[in-house]
Amino acid sequence: EGRPHLRAIPQEGSRLVAGVGDLFGVRFALASVPRSIGDPDVIALGVGLGWAAAESSLERFLPLWLGARGLEFDWKYLQIALESNVNLPLFISLAVLVWLYGRKKLGPRRRPLVHILLAVVLLLPALMRILSYAGLANAWALLSVRAVIMVCTCWSVRAIYEEHRR
């Protein structure tokens, strides 16, 4: 009774399963684009942008549209918008990571890094919610941590991708 964050563990488990479904969805989207369309850079960028737009519109558009039109200003709508902006590069890097994961000539040195970064991107939402449930950080601190992890992840993904392209 006194620990509501422990009751959220099964819910977080089901969200992780949905996250794995997202990975398969991104892989399917990357595989279904014909190779004649263009460069893999453009394909991964398009899939990442599309996935981010779908996630943002389904999860954040309605609360932002209905709530932010009210008469009083509330900081939570600014947080929603900033969180959406932080998620955009994460989804693009997720698409690039999934694309890199499917490359046969990735190399034994880079493959574990891709696995680790995929796990970070997959587990990041669950980690943020668990920290929130446990009361260890407020919404602004969670957004800051998420932004720092996003910058580190995107920088790492770009380095791996550039090294793979050579």
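The rules behind each value
- Residues numbered from 1 in each chain as written.
- Predicted model: local features only at pLDDT ≥ 70, side-chain atom pairs only at ≥ 80, totals over all residues.
- Heavy atoms only, no water.
- Patch = residues over 30% accessible without salt bridge, like charges linked within 9 Å, V, L, I, M, F, W, Y side chains within 5 Å.
- Areas by Shrake-Rupley, 256 points an atom, 1.4 Å probe, with all protein chains shown as cover.
- Salt bridge = Lys/Arg side-chain N within 4 Å of Asp/Glu carboxyl O.
- Helix = DSSP H or I, 4+ residues; strand = E, 2+ residues; numbered from the N terminus.
- Buried < 20%, exposed > 50% of the residue type's maximum accessible area, 1.4 Å probe, protein only.
- pLDDT = per-residue confidence, 0-100.
- Phe/Tyr/Trp six-rings, centres within 6.5 Å; stacked < 30°, edge-to-face > 60°.

Brief notes about a nonpolar patch on the surface
On the surface, Phe 73, Trp 75, Leu 78, Leu 82 and Trp 140 cluster together into a nonpolar patch covering about 520 Å² of accessible area. When residues of the nonpolar patch are assigned to their parent elements, the largest contribution, three residues, is made by helix α5 (residues 75-101). Inspection of the secondary structure puts Leu 82 in helix α5. The exposure class assigned to Leu 82 is partly exposed, which follows from its relative accessible area of 33%.

Some thoughts on the confidence of the model for the chain
Taken residue by residue, the chain gives an average pLDDT of 83. The fraction at 70 or more is 92%. When pLDDT is averaged over each element of the chain, helix α7 (residues 139-165) comes out on top at 92 and helix α1 (residues 4-7) at the bottom at 60.

Observations regarding the environment of Val 151
Tracing the backbone through its elements, the reader meets Val 151 in helix α7. On the accessibility criterion, Val 151 (48% relative accessible area) is partly exposed. In sequence terms Val 151 and Pro 89 are 62 residues apart; their C-alpha atoms lie 8.4 Å from each other.

Considering the packing of aromatic side chains
Inspection of every chain in the model, using the stated rule, returns two aromatic pairs. Arranged with centres 6.0 Å apart and planes meeting at 75 degrees, the rings of Trp 75 and Trp 140 form a pair that is edge-to-face. Taken together, the positions of Trp 75 in helix α5 and Trp 140 in helix α7 put the pair 65 residues apart, joining distant regions of the chain. A relative accessible area of 34% places Trp 140 in the partly exposed class.

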